[in-house]
Amino acid sequence: MCGRLACTLSADSLCSAAAFKLDETGQFIKAAKEDCMCKQFNVSYNIPPTTIIPVIVGSEQRYLNSSAARIIIPMRFGLIPPWLSQPDSKQPGNLETHLCRMEKVRESRLYYPLLEKGYRCLIPCIGYYEWQSTKSISKQPYFFYNKENNLSQLTDISGMFDTLHGWSGVKLLYLAGVYSIHIDKEGNRSYSFAVITRDTVPEWKFVHHRMPVVFQNDTDANKWIKPSTCSLTIALKLLKRPIFNLAAHPVDRTVMNNARNNVPKCLEPIDLNKPTNKFMQAWLMKSPKKNTNAENETEKVKSSSGVLKHISIKKWLVKTAPKEIKTNSAGLKRPALDEWLGTNAKKPKEDEVFTHESQKRPLFTRSRKSRSLLV
């Protein structure tokens, strides 16, 4: 399903890594970037939805006089419907979607009009995370990346670029996406996108039944972001091509289950056959039992040593009540708890007026028919 991404390259390195080879000259050309990108985008090993991340669009879609065919702009992970009047308010929280199903895109009243306008994009990343579909409560996350990379390259952000050989660092994955544009009253634009998903290839069905569309080469990726030369019918056929350039390994669930963790350990592989601390897992999984018995409710009291103890309220009342024993109306012996609480006081007669010791005026009356306060 692709709920999390990873992109550890800086803005300048990403422009070099996203370079592609021109057919006319045979040289590599870098992607261009907007000036505001450096202010909104940071290196991250764990990118959840609603985050601002770099996304690639075609230069013709931006109406810029740029020699680069790819433009990197910051976009919000989670497509906001274009009919919202205030995209920066709290409204998008319940309306934005970060995944788009390829099979139903023609029927969608949200995605298909955007694709008809040519709002197609690429999401560059070093990999994405997928949680294995199991019956267990704690699902196992896997990290998917380009199989041309070795494990050391995933955390190594260094690399060299030249126009003859291109980028020498980590190889990127290009995910297919669709984006939306909002223009405010001052003419400022804000972008948001969704990742297009498809059925998983047989090799990775043991992890999840859905996966993002990953382009296998620069040719298909460039066609996707060039609506002027690639019609929507042809573009949708590109999404159905087989995917074979992926590798994956399991990662630590205790790290990945928290979207706030942004550390290199997110990418590190783990051995699933290695025994884990079952006691700690059982303690984390254990939920407190609800106590509906009022007698078992606890109260904090101080012992003679000053240490707080938890005892039941009933035990505390009995402990602090007088110790002498008396016989109640039923002839049973019990601690003088009723007397201590004042329930065994002299019963008032009917129509008797109760008065306060410090006041002469009556407080309330007691009668058979009603009990009323005297103000």
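Details of the structure are given in the entry above.
A brief look at the structure comes next. Everything numeric in this text was worked out from a predicted model, so none of it was measured.

What follows covers the overall build of the protein. Of regular secondary structure, the protein possesses 12 helices and 24 strands. Expressed as a percentage of its 375 residues, the buried residues of the protein come to 40%. Residue pairs in contact within the protein that sit at least 24 positions apart in sequence constitute 61% of those at least 6 positions apart. By element, 52% of the accessible surface of the protein is carried by carbon and sulfur atoms, the whole surface being about 23,400 Å².

Ranked by size, the top nonpolar core spans 84 residues in total, and within it F193 and W224 carry the most contacts. Broken down by element, the residue count for this core peaks at 7 residues, all from strand β14 (residues 173–183). Each residue touching F193, except ones within four places of it in the same chain, is listed here: I53, V55, M75, R76, F77, G78, L79, T97, C121, I123, V178 and Y179.

Attention now moves to the environment of C15. When you line up the elements, C15 lands in helix α1 (residues 11–17). Its relative accessible area of 5% is what places C15 among the buried residues. A C-alpha to C-alpha distance of 9.6 Å links C15 and W167, two positions 152 residues apart in sequence. If we ignore the near neighbours within four places in the chain, the residues touching C15 are K30, A31, A32, K33 and I72.

Another point: the sheet that holds strand β10 (residues 127–131). Paired through their backbone hydrogen bonds, the strands of a sheet run either parallel or antiparallel. Here we have 5 strands laid out as an open sheet, ordered β5-β1-β10-β11-β17, and antiparallel in their pairing. Each having just a single partner strand, β5 (44–47) and β17 (246–250) make up the two edges of the open sheet. When strand polarity is set aside, the average angle formed by the axes of neighbouring strands in this sheet is 25°. Bridge analysis of strand β11 (residues 141–146) against β17 gives 5 bridges, and the strand direction is antiparallel. Across the sheet, residue N146 finds its bridge partner in β17, namely L246.

Conventions used here
Residues numbered from 1 in each chain as written. Predicted model: local features only at pLDDT ≥ 70, side-chain atom pairs only at ≥ 80, totals over all residues. Heavy atoms only, no water. Helix = DSSP H or I, 4+ residues; strand = E, 2+ residues; numbered from the N terminus. Buried < 20%, exposed > 50% of the residue type's maximum accessible area, 1.4 Å probe, protein only. Contact = heavy atoms within 4.5 Å. Areas by Shrake-Rupley, 256 points an atom, 1.4 Å probe, with all protein chains shown as cover. Core = buried A, V, L, I, M, F, W, Y, C linked by side-chain atoms within 4.5 Å. Pairing = 2+ DSSP bridges. Axes fitted to C-alpha atoms, helices over the stretch in contact; angles between N-to-C directions.

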